[in-house]
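Summary of the model geometry
Here's the letter readout for the chains.
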Amino acid sequence: MQGDFDLVISSGSVVDGTGRPRFEADVGVRDGRIAAVALPGALSGRRTIDAKGRAVAPGFVDIHSHADWVLPLPDHEEILAPMLRQGVTTLVVGNCGHSLAPLTDASERLVEGSSEILRDRTFPYAWRSTAEMLDTLEAGGLALNAAFLAGHGTVRQAVMGNEAAAPDRTQLEEMRRLTRQSLREGAFGLSAGLAYTPGVFAKADELTALCGVVAEEGAIFTVHGRAYTWISPFYKPMLLPPAHNVRSVDELLSVARQSGAKLQLSHQIFIGRRTWRTHRTVLAHIDEAASSGVDVAFDAFPYTAGNTTINAILPAWVLDRFRERIRDPKIIKRLRREFTMFRFALGLDWPDITVLWGGGPAELGAFEGMNLAQIAERMGVEPFDAYVHVARESDGHARVLIGTYSGDGEHEEPLRAVLSHRLCAFETDTILVRRGRHNPASFGTFPRVLGRYQRELGLFSLEEAVRRMTSFPAERIGLPGIGRIVPGNAADLVLFDAATVGDSEPEGAPRGIDKVLISGQVVVDGGEVVGGPRRGRLLRRR
């Protein structure tokens, strides 16, 4: 079959994103979209890419990214180049309750503070509503496709600042109104971060009320849970079963059941060596809920460490009036006791926490790349005191990499159980900026899944791996025209060598990713990002 195709990708092994067996085919591209899929040799066009011996897959969808405060920057393609190199063509941002909009004049300062670890630099907010924000980003052009969620924390700050109290009826109705407005203006869902200010203060009834709006609008609720450890400061009684991470998942499943909202459990992890044993229970509860009709899935990254703020492990009673309480000797005395208990109860120790970025002060910059035990030795203090020092001097903004996430490199049964689960989409959950050190997930998440966990360990087929990188996350979020190689969809494609693809830790370029295309244009060739016009699209919920 001949045709006036702009581009033909010939004789590749098409892994179309649906999960069905791969097949040899030509893919014809016209006007940035897939126009035909035909037998090898059947298509011709103005340009041809010979894909013989290579897998041809839809561009990878990062269902949980934190690039919100990078995408508006004029040089964002340079900062986010590692995402393109690993085959990511679409970012879902606005996760963990933090989003660029909606804002008020009063809440802008609070949002700026909450987003400190996510930002590359300070920049002016040229918008207030979600619609204005999306219009601004679209006008500036994007290097990757981007879909936005509205952050519960940002909505809450717009209505009641960082107040710890529950919203009154008027405040709750205003939060519901802002949520609905954001969804109707193009946001794909509502996200929450229940370990971060101000999401940490939200109770289940507040979440259920907001998720009622999400359900009415047919959107999705994505959520960073209260606890990913078997014991935490968030639930009482503290030492009685069920485990706190089980309680957290059960709470969110109940919110979804009562509200009818589609639920996406963000980065399903098990932190601390003594938490690992709970993975079977958590996954069983998710399975039971799904079987009973709850629309639930989750996502995870293929590493045993993850990035977060240094304040993420502080209890809500410290986060409320943090600047005052982190300097109060009585508070520090109580916190020291709790940390001593948690550290031993969890099987999480000071060497498991590494400072990636010091949060600004020059003194803390010298600690980047060091774990808290090493920092304590350099300072000549106890590790707990080093932790408090970094949290206090960075104003809670220091970025850390915490280990023992579902394993420790040698023992990773929980991680493999999560990754191999049919309801697991793959994600980076990475914070990629110029400041400080970086999470290896920024550079190799998707190649690592394809290399280590698919090819080497055989946890799933290549077709299933690609499905959970493409059509599955696209369908969960509701992304239009993305995730499958089918006529009419966008020509966002990845060509890779299934025999060699893999990651290179900690910040090396991935192996085996030959070409990446967005809207039919090559943006990565031979592992190098190609210059030229930005090809990404601003995605809006219909």
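Everything below is about the structure shown above.
We now turn to the structure provided with this report.

Moving on to the overall build of the protein chain. Each helix and strand in the protein chain was counted, giving 19 helices and 24 strands. Computed over C-alpha atoms, the radius of gyration of the protein chain comes to 23 Å, within 12% of the 24 Å expected from 2.2 N^0.38 for 542 residues, which places it in the range of a compact globule. Based on the C-alpha atoms only, the size of the protein chain along its principal axes is roughly 80 × 50 × 50 Å. Carbon and sulfur atoms form 50% of the exposed surface of the protein chain, whose accessible area is close to 19200 Å². Charge centroids of the protein chain, computed over 62 positive and 66 negative side chains, lie 3 Å from each other.

With respect to the element layout, arginine 325 can be found in helix 11 (residues 322–325). The residues contacting arginine 325, other than those within four sequence positions of it, are Trp317, Val318, Asp320, Ile331 and Ile332.

The full count for this structure, using the stated rule, is 43 salt bridges. Of the charged contacts in the structure, one is a salt bridge between arginine 180 and glutamate 217, with a shortest N-O distance of 2.9 Å. Note that arginine 180 is positioned in helix 6 (residues 169–184) and glutamate 217 in the loop between helix 7 (204–216) and strand 11 (220–224), a separation of 37 residues in sequence. Assessed through its relative accessible area of 14%, glutamate 217 is described here as buried. Where salt bridges share partners, they join Asp75, Glu78, Asp120, Arg121 and Arg434 into one cluster.

Another point: the packing of aromatic side chains. Applying the stated criterion to the full structure yields 11 aromatic pairs. Relative to tryptophan 350, the ring of phenylalanine 339 has its centre 6.2 Å away and its plane inclined at 25°; by these criteria the two rings are stacked. Here tryptophan 350 lies in the loop between helix 12 (329–346) and strand 15 (353–357) and phenylalanine 339 lies in helix 12, a separation of 11 residues in the sequence. Here the two residues phenylalanine 339 and tryptophan 350 agree in accessibility, since each one is buried. When the centroid spacing of 6.2 Å and the interplanar angle of 40° are considered together, the rings of tryptophan 350 and tyrosine 387 count as tilted. Here tryptophan 350, found in the loop between helix 12 and strand 15, pairs with tyrosine 387, found in helix 15 (residues 383–393); they are 37 residues apart in sequence, far enough to count as distant. Assessed through its relative accessible area of 8%, tryptophan 350 is described here as buried. Connected via pairs of aromatic rings, a cluster forms that spans Phe339, Trp350, Phe384 and Tyr387.

Moving on, we get to the packing of helix 3 (residues 107–114) against helix 5 (residues 152–160). Taken N-terminus to C-terminus, the directions of helix 3 and helix 5 make an angle of 150°; their axes are 9 Å apart at the nearest point. Viewed along their axes, helix 3 and helix 5 form a crossing whose handedness is right-handed. Side by side, helix 3 and helix 5 meet where Ser107, Leu110, Val111 and Ser114 of the first sit next to Thr154, Gln157 and Ala158 of the second. Residues belonging to the contact of helix 3 with helix 5 are distributed by class as follows: three nonpolar, four polar and no charged.

Bringing the sheet that holds strand 6 (residues 60–62) into the picture now. Pairing is parallel across the open sheet formed by four strands, whose spatial order is 6-7-8-24. Two strands bound the open sheet, and with one partner strand each, they are strand 6 and strand 24 (538–539). As judged from the two bridges shared by strand 8 (residues 145–148) and strand 24, these two strands associate in the parallel manner. Bridge pairing in strand 24 links alanine 147 to leucine 539.

Okay, the sheet that holds strand 11 next. Taken together, six strands build an open sheet; the order of strands is 9-10-11-12-13-17 and the sheet is parallel. Looking at the sheet topology across the chains shown, the edges are occupied by strand 9 (150–151) and strand 17 (424–426). Two strands pair when backbone bridges link them, and strand 10 (residues 189–193) and strand 11 are joined in this way by five bridges, in the parallel orientation. Directly across from glycine 193, in strand 11, lies its bridge partner histidine 224. Strand contacts of helix 7: strand 10 and strand 11, with the helix running at about 145° to strand 11, the strand carrying the most contacts.

Side chains of strand 18 (residues 493–496) alternate between two faces, with Leu493 and Leu495 and Val494 and Phe496 buried alike. The pairing of strand 5 (residues 55–58) with strand 18 spans four bridges and is antiparallel. Residue pairing across strands places proline 58 opposite leucine 493, the latter belonging to strand 18. The sheet contact formed by strand 18 and strand 21 (residues 513–518) spans four bridges and is antiparallel. From the neighbouring strand, phenylalanine 496 faces strand 21, where its bridge partner is isoleucine 513.

Residue alanine 101 is joined to proline 102 through a cis peptide bond whose omega torsion reads 5°. Mapped onto the fold, proline 102 is located in the loop between strand 7 (88–93) and helix 3. The omega angle of the peptide bond from threonine 197 to proline 198 is 5°, so this bond is cis rather than trans. Tracing the backbone shows proline 198 in the loop between strand 10 and helix 7. Positive phi outside glycine occurs at histidine 267, with the angle close to 30°. Looking at the secondary structure, you find histidine 267 in the loop between strand 12 (262–265) and helix 9 (279–291). Looking at histidine 267, the relative accessible area reads 2%, which means it is buried. Positive phi is not limited to glycine here, since serine 519 has a value of about 50°. Mapped onto the elements of the fold, serine 519 is located in the loop between strand 21 and strand 22 (521–525). Take serine 519: its relative accessible area is 18%, and that puts it in the buried class.

Criteria and cut-off values
- Residues numbered from 1 in each chain as written.
- Predicted model: local features only at pLDDT ≥ 70, side-chain atom pairs only at ≥ 80, totals over all residues.
- Heavy atoms only, no water.
- Helix = DSSP H or I, 4+ residues; strand = E, 2+ residues; numbered from the N terminus.
- Rg over C-alpha atoms; globule rule 2.2 N^0.38 Å.
- Areas by Shrake-Rupley, 256 points an atom, 1.4 Å probe, with all protein chains shown as cover.
- Lys, Arg positive; Asp, Glu negative; His and termini not counted.
- Charge placed at Lys NZ, Arg CZ, Asp CG, Glu CD.
- Contact = heavy atoms within 4.5 Å.
- Salt bridge = Lys/Arg side-chain N within 4 Å of Asp/Glu carboxyl O.
- Buried < 20%, exposed > 50% of the residue type's maximum accessible area, 1.4 Å probe, protein only.
- Phe/Tyr/Trp six-rings, centres within 6.5 Å; stacked < 30°, edge-to-face > 60°.
- Axes fitted to C-alpha atoms, helices over the stretch in contact; angles between N-to-C directions.
- Left-handed = near helix turned anticlockwise from the far one by under 90°.
- Nonpolar A, V, L, I, M, F, W, Y, C, P; charged D, E, K, R; others polar.
- Pairing = 2+ DSSP bridges.

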